[in-house]
Amino acid sequence: MRTPFRRVHLAGFAACLACPAAKPDPGGGAPTAAASDPAEDGEPEAASEGDDFTTQAHTEALLAAEAPAEEWLRVRSPVETAAAWGEALRAPRIDTGYESEVAEARTRFVKAIAGLRDDVLELRPQRILQAYRFATARDQWWYGKGGVDRSDPHAYLRRLAAMLEEIERRTRFGLAASPQDDAQIDEALRVGVQQLPIALMRTTSLAPGVAASAAELAGDLAGRCEALARRHPSVAPRAEALAAAFRTHAAALEALDAEILRRSAAGEPTIDWEIAVGSERQDPNAPPSLRARVWGKERTEAALTAEEEWQAPAELGELVEANLARFRRMRQSYPATKSRAKASPVDLEACAAAWAPLQESFLALEAPKAGTLDCSAIVAELEGRPMTPGQLEGWMLREVFAPAHRRNLAAGRGGQVGAIWGEAQPWTARHLHTVMFGVPLEANASVREALDELIDGVCLTTTALSVHASIGVDPEKLDLWLADRCPQQSPARWREAALRDPRGSWRGLPAAVLGPGPIDMVGLAEYSWAPMGVAESLAEVPKDADARNGAGNDEAAGAEGAQSAGGLEIQIEELN
């Protein structure tokens, strides 16, 4: 069933995007470094009649691998699987033994797909298999050489942020209305309180400023927990406990950063735990080293390849310049204007009025279990904060609609693809969706803010790539480039932001490298939760590929996928 055609004009984008109304995807696809990339080798040819048996056997084996895939994903990505599959909420863990659980489940899954050949599969199953291989390779990197949980104090906090986003969706849209739902949320919050000290214990050696940046994130999460306590009183005690744990965590990180700064200034070394592998730390008697603030080209490229399946294209500089120009042109179409409306505390009537123009799109685009916005929860969350009607509509669009839209897109796809999440795309998609839906609603203030965020994201990502990997912009010319292209703040502040949170500085990467063609937009519009390589790979699959050669339990995902945002058809045209 197709939803009504809607036309969204975005100035500066010269592309036409038609998002297909497809059956739910049973999985995602992203070529890994070891796998054959159809983009380079050409699209696979259809199997001949003589190969039908081989193709069928491999397809059936891929279907049989769904069970171990789900087992592994539930352990590795508890929040994402709970959201995508409509299951009980579970919190992310990093406690002793957890990495072993992940490794054991991953090993069983890898064995299930070890003998499969993607060259004999049809296009959709081929991309699913490639996605599985990418995801398992990323997992090994995360817990192995990359040591992400052990080297980045932001990592576990971001996983808790994903958990809070899912709790926000459920409590704002009436999807957590039973005592059993409350018990699940309460337990997830309890696990978060329990795990935070473990995360802190592992944060022992960092570059100056990194711990302070993570402390700021912890403070933001504390505020979200306090808002949850107001919005959903039945879990308030546990939400307040997690808020207190976040604030304690933030204070400890700030103290750690002060000590790191002192040691750095004094030239004193600190133990570098990053080279630890698995659950074993580096020998404490090993020679200490002072952590460098710059990652370096090898580490940066390895992380981007392993975590997002992205490698810098030769035309990176041209793409960045083009995207900054297009976002600035769009921004000029929505100049700031003074509103004569008066700000007043948000009440039920104001909430309903702000949500009404968004509700039509929400109901048309989302899966049946998207829920209905609970305005009483929104009023409690905002706690009498004065807002003009325009400000409230913008807040609804950015903070409520956009993240819930992304979560429901993943849920509507069904199968494994909705549970394979990335780090970079969700941030860009949040602001891009704000623009896409804000333009036809004439929510100009929200569109301006979203475009400003996208411009800042491109500037920060460009800075990070130049500082840490010497790609994109010549590091020696970076300050001049920033002063000319990104005057929102000083070059020194852009550099400092990239050094304080290298991985978080990638958040604008999808916006920075967005190509001019419709396929580039499909990845962000339809697979906005996925790693960049997964989204790009799925976007290359023809509209009717699901019907021709789908693999996976489409029937189980069923009606939800048919109502998903795949039914939205968007045309983006250049405006004079």
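(A) How the structure looks around the side chain of Asp 501. Assignment of secondary structure puts Asp 501 in the loop between α20 (491-500) and α21 (509-512). Within the structure, Asp 501 has its side chain in polar contact with the backbone nitrogen of Gly 504 (distance 3.0 Å).

(B) Layout of the confidence of the model for the chain. Of the residues in the chain, 79% have a pLDDT of 70 or more, and the chain-wide mean is 81. Segment residues 271-289 is flagged for pLDDT under 50; beyond a separation of four residues in sequence, or across chains, it makes 37 contacts in the model. Across residues 545-576, confidence stays below pLDDT 50; counting only partners more than four residues off in sequence or on other chains, it has 100 contacts.

(C) Quick peek at the packing of helix α8 (residues 154-172) against helix α11 (residues 236-266). Where α8 meets α11, the axes come as close as 14 Å, and the angle between the chain directions of the two elements is 160°. Of the possible angle classes, the one that applies to α8 and α11 is roughly antiparallel. You can see that α8 and α11 cross each other, and the crossing is left-handed. Listed contacts from α11 to Leu 157, Leu 160, Met 163 and Leu 164 of α8 are Leu 242, Phe 246 and His 249. Residues belonging to the contact of α8 with α11 are distributed by class as follows: six nonpolar, one polar and no charged.

(D) Fine view of the environment of Arg 90. Along the chain, Arg 90 turns up in the loop between α4 (78-85) and α5 (98-113). Note: C-alpha distance between Arg 90 and Ala 188 (98 residues apart in sequence) is 5.5 Å. Filtering out sequence-adjacent residues up to four positions away, Arg 90 remains in contact with Arg 74, Pro 78, Val 79, Thr 81 and Ala 82. Of note is the side chain of Arg 90, whose polar atom sits 2.6 Å from the side chain of Thr 81. From its side chain, Arg 90 meets the backbone oxygen of Ala 88 in a polar contact 3.1 Å long.

(E) Inspection of the nonpolar core at higher detail. Core analysis: the largest hydrophobic core is formed by 81 residues, its most contacted members being Trp 310, Leu 324, Phe 327, Val 435, Leu 451, Val 513 and Trp 529. Element by element, the count of residues in this core is highest for helix α18 (residues 444-469), at 12 residues.

(F) Looking closely at the packing of aromatic side chains. Under the definition given, this model contains eight aromatic pairs. Among the aromatic residues, ring-to-ring pairing joins Phe 173, Trp 355, Phe 401 and Phe 437 into one connected group. Its end group placed over the ring of Trp 142, Arg 76 keeps NZ or CZ at 5.1 Å from the ring centre.

(G) Expanded view of α11. Here α11 spans 45 Å end to end across 31 residues, near enough to the 45 Å set by a 1.5 Å rise per residue. When α11 is considered as a whole, its buried residues turn out to be Ala 236, Ala 239, Leu 242, Ala 243, Ala 245, Phe 246, His 249, Ala 250, Leu 253, Leu 256, Asp 257 and Ile 260. Looking at the packing, one finds that the buried side of α11 touches α8, α9 (179-202) and α10 (210-231). Looking one or two places after α11, you find Gly 267, whose phi comes out positive at around 75°.

(H) The arrangement of the pattern of salt bridges in detail. According to the stated counting rule, one finds 41 salt bridges in the structure shown. With a shortest N-O distance of 3.0 Å, Asp 119 and Arg 117 are connected by a salt bridge. Residue Arg 117 is classed as partly exposed on the basis of its relative accessible area, which comes to 42%. Where Arg 503 meets Glu 307, a salt bridge forms, and the shortest distance between an N and an O atom there is 2.9 Å.

Definitions and limits used
Residues numbered from 1 in each chain as written. Predicted model: local features only at pLDDT ≥ 70, side-chain atom pairs only at ≥ 80, totals over all residues. Heavy atoms only, no water. Helix = DSSP H or I, 4+ residues; strand = E, 2+ residues; numbered from the N terminus. Polar contact = N/O pair within 3.5 Å; in protein donor to acceptor, adjacent residues only side chain to side chain. pLDDT = per-residue confidence, 0-100. Contact = heavy atoms within 4.5 Å. Axes fitted to C-alpha atoms, helices over the stretch in contact; angles between N-to-C directions. Parallel < 35°, antiparallel > 145°, perpendicular 65-115°, else oblique. Left-handed = near helix turned anticlockwise from the far one by under 90°. Nonpolar A, V, L, I, M, F, W, Y, C, P; charged D, E, K, R; others polar. Core = buried A, V, L, I, M, F, W, Y, C linked by side-chain atoms within 4.5 Å. Buried < 20%, exposed > 50% of the residue type's maximum accessible area, 1.4 Å probe, protein only. Phe/Tyr/Trp six-rings, centres within 6.5 Å; stacked < 30°, edge-to-face > 60°. Lys NZ or Arg CZ within 6 Å of the ring centre and 35° of its normal. Expected span 1.5 Å × (residues − 1). Salt bridge = Lys/Arg side-chain N within 4 Å of Asp/Glu carboxyl O.

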